[in-house]
Amino acid sequence: MVNRVERLHALTESLRRAGPRGRTAAQLADEFEVTTRTIKRDLAALSAAGVPVWGRTGPGGGYGLAERASLPPVNFTAGQALALTAAVAASAQAPFADSARAATRKVLDVLDPADRGRASALSQRIWVDVGPSAPRRVLSVLEQALLDQVTVNIGYTDAGGRRTRREVEPMIFAFTRGRWLLVAWCRLRDGVRWFDLSRIGRATATRRRCAGHPVSAIGTPPEQAHPVGV
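Residues numbered from 1 in each chain as written. Predicted model: local features only at pLDDT ≥ 70, side-chain atom pairs only at ≥ 80, totals over all residues. Heavy atoms only, no water.

- In the annotation of an unreviewed UniProt entry, the entry for the protein reads Transcriptional regulator, and the organism field reads Actinocatenispora comari.

Structural data, given as structure tokens:
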């Protein structure tokens, strides 16, 4: 299920593609697999944010965007759009992958229709096999905690199967040896530790601010085949 931010963007683009004829709340609800009440609440949020949404009641009514909301075509070729799509697909398990997919959709939505069709067809000729990462519910917490610079309580299982709970200060996300890692200051061990994202089973953000340990304190990746954060 897409999150609300992604749905609001997709809803805007759906109305943009509909043009002057607009879409009904029922049509939009079917498209996004939500209730008409949710759609109407989303449309109200878009309008409050300054998106020029219009609404008509009665037979033939519905919702749409004012003409001034239309965007000029983006100057991307089909190959350039495909390169963006491939890069995002290869990073499907990376932190902020949801934001990358939303950004790519914004590019594709305003491409010339012919180029968008070519890019879509060519995307079938790219195959990507990505490794495991943390569940989306965990990644979302870690992403926001890194942005807000607050600590996170995590449940971690190391390579030996040992489970620990600890409070960490997220410093960076790192990709090395084919794996995404969270590099954080571990308050339990009072030092920098490298946590394999695929081994973080739970994460809960706190309201406690990080101490501000510098990135220069991180050093080099551990030599172990599986970083364990011991």
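1. Some thoughts on the packing of helix H4 (residues 78-90) against helix H6 (residues 113-122)
Point 1. Two elements in contact, H4 and H6, have axes separated by 8 Å at closest approach and are oriented at 45 degrees. The angle between H4 and H6 falls in the class oblique. Where H4 crosses over H6, the two elements pack in a sense that is right-handed. Across from Ala 78, Ala 81 and Leu 82 in H4, the residues of H6 making contact are Asp 115, Arg 118, Ala 119 and Leu 122.
Point 2. Classifying every residue of the contact of H4 with H6 by side-chain character gives five nonpolar, no polar and two charged. (Axes fitted to C-alpha atoms, helices over the stretch in contact; angles between N-to-C directions. Helix = DSSP H or I, 4+ residues; strand = E, 2+ residues; numbered from the N terminus. Parallel < 35°, antiparallel > 145°, perpendicular 65-115°, else oblique. Left-handed = near helix turned anticlockwise from the far one by under 90°. Contact = heavy atoms within 4.5 Å. Nonpolar A, V, L, I, M, F, W, Y, C, P; charged D, E, K, R; others polar.)

2. Focus on the environment of Ala 97
Point 1. Mapped onto the secondary structure, Ala 97 falls in helix H5 (residues 97-109).
Point 2. Sequence spacing of Ala 97 and Ser 140 is 43 residues, and the spatial spacing of their C-alpha atoms is 9.9 Å.
Point 3. When sequence neighbours within four positions are dropped, the list of residues in contact with Ala 97 reads Ser 91, Ala 92, Arg 136 and Glu 143.

3. Re the packing of helix H2 (residues 25-32) against helix H3 (residues 36-48)
Point 1. Look at H2 against H3: their axes get within 8 Å of each other, and the N-to-C directions meet at 100 degrees. Classified by the interaxial angle, the pair formed by H2 and H3 is roughly perpendicular. Facing Ala 25, Ala 26, Leu 28, Ala 29 and Phe 32 of H2, the residues of H3 in contact are Thr 36, Ile 39 and Lys 40.
Point 2. Considered class by class, the residues forming the contact of H2 with H3 number six nonpolar, one polar and one charged.

4. Quick notes on the packing of aromatic side chains
Any aromatic ring pair is given by two values, namely how distant the centres are and how the planes are angled relative to each other.
Point 1. With the rule as written, the count across this model stands at three aromatic pairs.
Point 2. A centroid spacing of 6.1 Å and a plane angle of 85 degrees characterise the contact between Phe 96 and Phe 173, whose relative ring orientation is edge-to-face. With Phe 96 in the loop between H4 and H5 and Phe 173 in strand S4 (residues 163-176), this residue pair connects regions lying 77 residues apart in the sequence.
Point 3. Among the residues examined, Phe 173 registers a relative accessible area of 16% and is labelled buried.
Point 4. Centre to centre, the rings of Phe 175 and Trp 180 are 5.1 Å apart; their planes meet at 50 degrees, and the pair counts as tilted. (Phe/Tyr/Trp six-rings, centres within 6.5 Å; stacked < 30°, edge-to-face > 60°. Buried < 20%, exposed > 50% of the residue type's maximum accessible area, 1.4 Å probe, protein only.)

5. Here we look at H5
Point 1. Here H5 spans 18 Å end to end across 13 residues, near enough to the 18 Å set by a 1.5 Å rise per residue.
Point 2. All of the buried residues along H5 are Ala 97, Asp 98, Ala 102, Thr 104 and Val 107.
Point 3. On its buried face, H5 sits against helix H1 (4-18), H4 and helix H7 (136-148). (Expected span 1.5 Å × (residues − 1).)

6. Some thoughts on the nonpolar core
Point 1. The biggest cluster of nonpolar side chains holds 19 residues, and the ones touching the most others in it are Leu 142, Ile 154, Val 168, Leu 182, Phe 195, Leu 197 and Ile 200.
Point 2. Within the residue set of this core, elements represented by two or more residues are H7, strand S3 (150-157), S4, strand S5 (179-186) and strand S7 (200-209).
Point 3. With 11 residues, the next largest nonpolar core counts Leu 8, Ala 29, Leu 46 and Val 53 among its residues. (Core = buried A, V, L, I, M, F, W, Y, C linked by side-chain atoms within 4.5 Å.)

7. Section: the environment of Ala 203
Point 1. Locating Ala 203 in the fold gives a position in strand S7.
Point 2. With relative accessibility at 14%, the residue Ala 203 sits in the buried group.
Point 3. Residues contacting Ala 203, with those up to four places away along its chain left out, are Val 138, Val 141, Leu 142, Val 152, Asn 153 and Ile 154.

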